[in-house]
Amino acid sequence: MSKEAVRLKEEGNVCFREKRYHKAIELYSQSLQVEQSATVLGIFHIFLAVFILHRGAASYFCTLHESESWIQTLQDVLPFLGYIHKCLCLANRAQSHLNLEQWAKAIMDCNRALEIDSKMEKVLYRRAQALEKIGLKASAHKDLERCLEIAPSSAVKAMIEKLANKQDAEVIDVPCVEKGDEIRSDSDFVEIAIDIPRQSVEKVEESAAQSSEDAAVPNEVTQFRVPTTLRQFSKDYRELERLPPENFAKYFLSIPTTIYSSLFGELMETEMVSRLIRGLIKLLESSSVTAAEVSECLLHLADVPRFELLVMFLGDDEKKDLASICLHLTESDAVFIREKYHLEDE
């Protein structure tokens, strides 16, 4: 085992006790990298030890006639590979990640440590803690049961009772985790060519088209409550995006004009205004709404924050629709809207 690796690990332990977890993680990682480079030397020591035993004292071989003796001998030699050191570094780094609420990274380190020693109860317990945090409670329960078999404790029993009959979440939110240099593969990327028969592609496209037709959204007005919060409006808009624009226009007209500014705040986007305009002209043409309702909506919409910026990015089609809407309005309202929405030259 490398003295440098041991030194880095001990410094990491000091930082851990001082609750400097980021620095501890850095030192544990450096220790793992140093120990990895020393593995080749450890393997040489193994072969050297076997060679000495093979060429050396025959009397010593006589004492190793039982398999347990051979196992003990191997256990005496294996530390040259730094397995124990590596396992402890990973376990300590996993705990550091736990303290920083980096659940995915903690699980990765626990997995690697358990590949070396599957009976490290503290690593099983730490992985169970991380699994619970990301919603994999049933998986955490399995780790705790194994942990209880190896080293029973009150903390493990309490957590087992807490997670009894719990199920894993169907969807978990785990951020992307970049692999450390010590676990990156040295292999080059390999290009794989996949030949897909043309007939199969056509069948897939035909099936997808059929599924799209079956799942088409009906042209019906979905009943929505008048939004009172920005969050509710955002949620409703995401659903209304799947429907024709007149559905969104009807929904928008149901909102009291007096709360436009307070409700939308900085949320309103050009795409929302465009969809509203496209819907309003269709409602007017079908006589589904009155000109007064549309006029009041557009006039008060001009008071929302960032309105000038929103109008600046309106497309030509939306401006043509606005011009058509103005034909249905009173002269005074039409003049004001043409000015506010920059339709002077239309």
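Residues numbered from 1 in each chain as written. Predicted model: local features only at pLDDT ≥ 70, side-chain atom pairs only at ≥ 80, totals over all residues. Heavy atoms only, no water.

- Going by what an unreviewed UniProt entry lists, the chain is known as RNA polymerase II-associated protein 3 and is assigned to Ancylostoma ceylanicum.
- Per UniProt, the chain carries the Sequence similarities (unreviewed entry) text "Belongs to the RPAP3 family." (UniProt positions renumbered as here; feature names shortened; annotations may be inferred.)

**Focus on the overall build of the chain**
No. 1: For the chain, the count of helices and strands is 19 helices and 0 strands.
No. 2: A separation of at least 24 residues holds for 68% of the contacts in the chain among residues at least 6 apart in sequence. (Helix = DSSP H or I, 4+ residues; strand = E, 2+ residues; numbered from the N terminus. Contact = heavy atoms within 4.5 Å.)

**Some points on the nonpolar core**
No. 1: By size, the foremost hydrophobic cluster in this structure holds 40 residues, and its most contacted members are Phe252, Phe264, Leu301, Ile325 and Tyr341.
No. 2: Taken together, the elements giving at least two residues each to this core come down to α12 (230-240), α13 (245-253), α14 (260-264), α15 (270-285), α16 (291-301), α17 (307-312), α18 (316-326) and α19 (331-340).
No. 3: Here this core takes 8 residues from α15, the largest share from any one element.
No. 4: Sequence-distant contacts of Phe252, that is, excluding residues within four places in its chain, are made with Phe233, Tyr260, Phe264, Met268, Leu276, Cys297 and Leu301.
No. 5: Residues Tyr28, Ala91, Ala128 and Ile160 belong to the second largest nonpolar core, which totals 32 residues. (Core = buried A, V, L, I, M, F, W, Y, C linked by side-chain atoms within 4.5 Å. Buried < 20%, exposed > 50% of the residue type's maximum accessible area, 1.4 Å probe, protein only.)

**Side note on helix α6 (residues 83-99)**
Side chains of residues three or four places apart in an α-helix project in the same direction, reflecting 3.6 residues per turn.
No. 1: Along its 17 residues, α6 runs 24 Å from first to last C-alpha, staying within 8% of the 24 Å computed at 1.5 Å per residue.
No. 2: For α6, the tally of buried residues reaches 12 of 17 residues, placing the bulk of the element in the interior.
No. 3: For α6, the full list of buried residues reads His85, Cys87, Cys89, Leu90, Ala91, Asn92, Arg93, Ala94, Gln95, Ser96, His97 and Leu98.
No. 4: Following α6 by one or two positions, Glu101 adopts a phi angle in the positive range, close to 60 degrees. (Expected span 1.5 Å × (residues − 1).)

**Re the side chain of Asn13**
No. 1: Here Asn13 shows up in helix α1 (residues 3-17).
No. 2: The buried category is assigned to Asn13, whose relative accessible area is 13%.
No. 3: In this structure Asn13 touches Tyr28 and Asn92, once residues within four positions along its chain are discounted.

**Points about unusual backbone geometry**
No. 1: If you check the backbone angles, Glu101 has positive phi at about 60 degrees while not being a glycine.
No. 2: Note on placement: Glu101 falls in the loop between α6 and α7 (103-116).
No. 3: In this structure, Ser287 takes a positive phi of about 60 degrees despite not being glycine.
No. 4: Summarising the element assignment, Ser287 is placed in the loop between α15 and α16.
No. 5: Judged by its relative accessible area of 62%, Ser287 is exposed.

**Focus on the pattern of salt bridges**
No. 1: Taken as a whole, this structure holds 10 salt bridges when the rule is applied.
No. 2: In this structure, the salt-bridge partner of Glu11 is Arg7, at a minimum N-O distance of 2.3 Å. Highlighted residues: Glu11 and Arg7, both in helix α1, separated by 4 residues, approximately one helical turn.
No. 3: When the shortest N-O distance is used, the salt bridge between Arg278 and Glu318 registers 3.1 Å. Pair noted here: Arg278 is in helix α15 and Glu318 is in helix α18, with a separation of 40 residues, a long-range link.
No. 4: Connected through shared salt-bridge partners, Glu4, Arg7 and Glu11 make up one network. (Salt bridge = Lys/Arg side-chain N within 4 Å of Asp/Glu carboxyl O.)

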